[in-house]
Amino acid sequence: RGGQQAMDPSWDYTPESLFDDVMDSIASHERVKGVLGPDVRPEAMPEKVVFRIVEGISEVFLSWPVVGRHGSAEIQVKATACIVDFIYVFPNSADRYGFVPPGFVIRPSGNWHMDVSEMPKNQKQPFGGGKSGRILHNREGVFEWDWDVRDFRHGFEDHPRRKRWS
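Residues numbered from 1 in each chain as written. Predicted model: local features only at pLDDT ≥ 70, side-chain atom pairs only at ≥ 80, totals over all residues. Heavy atoms only, no water.

Let's talk about the overall build of the protein
Definition in use: Note on conventions: DSSP H or I runs of at least 4 residues are helices, E runs of at least 2 residues are strands, and numbering of each starts at the N terminus. Whether two residues are in contact is decided by their heavy atoms: any pair within 4.5 Å suffices.
The helix and strand inventory of the protein stands at three helices and nine strands. In sequence order, the protein lays out its α and β elements as α-α-β-β-β-β-β-β-β-β-β-α. Considering only contacts in the protein between residues 6 or more positions apart, those separated by 24 or more positions represent 41%.

So, the packing of aromatic side chains
Given two aromatic rings, their pairing is described by the distance between the two centres and the angle made by the two planes. As a reminder of what qualifies: Centre distance within 6.5 Å is the pairing criterion for rings of Phe, Tyr and Trp, where only the six-membered ring of Trp is used; planes under 30 degrees apart are then read as stacked, over 60 as edge-to-face, and the remainder as tilted. For a ring to carry a charge above it, either NZ of a lysine or CZ of an arginine must fall within 6 Å of the ring centroid while also lying within 35 degrees of the normal to the ring plane.
Evaluated as defined, the whole model comprises four aromatic pairs. Taken together through their ring pairs, the aromatic side chains of Phe-86, Tyr-88, Phe-90 and Trp-112 make up a single cluster. The aromatic ring of Phe-104 is capped on one face by Arg-31, whose charged end is 4.2 Å from the ring centroid. Lying over the aromatic face of Trp-112, Arg-107 brings its terminal NZ or CZ to 5.4 Å of the ring centre.

Observations regarding unusual backbone geometry
For clarity, the threshold we go by: Under the scheme applied here, a residue whose accessible area is under 20% of the maximum for its type counts as buried, over 50% as exposed, and between as partly exposed, the area being computed with a 1.4 Å probe on protein chains only.
Positive phi, normally seen in glycine, also occurs at Ala-81, with a value near 60 degrees. Its place among the elements puts Ala-81 in the loop between strand S4 (72-80) and strand S5 (83-91). Residue Ala-81 is classed as buried on the basis of its relative accessible area of 14%.

What about the environment of Ser-63?
Put simply, the rule is: Counted as a polar contact is a pair of N or O atoms within 3.5 Å, where, for protein atoms, one must be capable of donating a hydrogen and the other of accepting one, and residues adjacent in sequence contribute only when both atoms are in side chains.
Note on placement: Ser-63 falls in strand S3 (residues 57-67). Between the C-alpha atom of Ser-63 and that of Lys-78, which follows or precedes it by 15 residues, the distance is 9.0 Å. Side-chain polar atoms of Ser-63 contact the side chain of Glu-74, separated by 2.6 Å.

Focus on helix H1 (residues 15-28)
Where we set the bar: Multiply 1.5 Å by the residue count of a helix minus one, and that product is the helix's expected span. As used here, the arc is the angular range of directions from the helix axis to the C-beta atoms.
Taking 1.5 Å as the rise per residue, H1 with 14 residues should run 20 Å; its terminal C-alpha atoms sit 20 Å apart, in good agreement. Along H1, the residues that are buried comprise Pro-15, Leu-18, Phe-19, Val-22, Met-23, Ser-25 and Ile-26. Down the axis of H1, the sector holding all buried residues measures 165 degrees, keeping them to one side. The outward face of H1, more than 90 degrees from its buried face, is lined by the exposed residues Glu-16 and Asp-24.

Thoughts on the side chain of Ser-63
Residue class for Ser-63 comes out buried when judged on its relative accessible area of 3%. A polar atom in the side chain of Ser-63 sits 3.4 Å from the backbone oxygen of Ile-75.

A look at the nonpolar core
The criterion, for reference: The term nonpolar core refers to a set of buried residues drawn from Ala, Val, Leu, Ile, Met, Phe, Trp, Tyr and Cys, joined through side-chain atoms within 4.5 Å.
If you look at the biggest cluster of nonpolar residues, it comprises 22 residues, and the most contacted ones within it are Leu-18, Ile-26, Trp-64 and Val-66. Among the secondary structure elements, those contributing two or more residues to this core are H1, helix H2 (30-36), S3, S4, S5 and strand S6 (104-106). Excluding its chain neighbours within four sequence positions, the residues that come into contact with Leu-18 are Tyr-13, Val-60, Leu-62, Val-77, Ala-79 and Val-84. With six residues, the next largest nonpolar core counts Phe-90, Val-105, Val-116 and Met-119 among its residues.

Quick word on the confidence of the model for the protein
Filter applied, for reference: Scored between 0 and 100, pLDDT is the confidence that the predictor attaches to each residue.
Within the protein, residue pLDDT values average 77, and 68% of them lie at 70 or more. Ranking the elements of the protein by mean pLDDT puts strand S8 (residues 145-146) last with 54 and strand S1 (residues 41-42) first with 95. Confidence over residues 130-136 falls short of pLDDT 50; this stretch has 11 contacts with residues more than four positions distant or in other chains.

Let's talk about the environment of Asp-115
By the element assignment, Asp-115 lies in strand S7 (residues 113-115). Given the relative accessible area of 18%, Asp-115 is considered buried. Placed 14 residues apart in sequence, Asp-115 and Pro-101 show a C-alpha to C-alpha distance of 9.7 Å. Reaching out from Asp-115, the side chain makes a polar contact with the side chain of Arg-31 at a distance of 2.6 Å.

The following block contains the structure:
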C-alpha cells in the first residue's frame, strides 16, 4: 500500500484483516513450507490479541499457533497502521534427530527470510517470553497484563523516581 493510502486510517489493519493477510503470506512462503510442510493452516484462532491506538496510530499485535504436515509453530506479528514489517515464526516440533529448527522471520511478500538469532538485539523476540531476552524495559512482552491497574504494563511501574514521590 502506498501514497495517500498510507495516511488514510480506513486502510489500517484490524485484527481480522491482519490475520487473513499473514496466513496467506505464511502459507505461500517457501521456508515455512520447508519447516512445517506444504499445507500450513491455523491450529487455533489468535488467543493473544492487542489492538490499541498510540498517538493516533493504530497498532495490532497477534500471536497464534499454526500446524502443517511436518510440524507446528507459533506465529507472532505486529502491524502499525497499514504496515507489517516482519512475521515471526517459532517452530515447536523437532525433526527425527531431535533438533528444533531455529525461529525465523519472513516478510509479508516475497521469499526473504532470516534467522531470529541474526536479527538486531531489539528485534529478537517481539513479544518477550524469555527470562533472559527481555527487549522491553521491565516486562516480558507486549502481552503482559498488569492486574493492579488493569492495563498492559509499560515497563516504568517500578522506576526509582516514581518510588521517591510516593
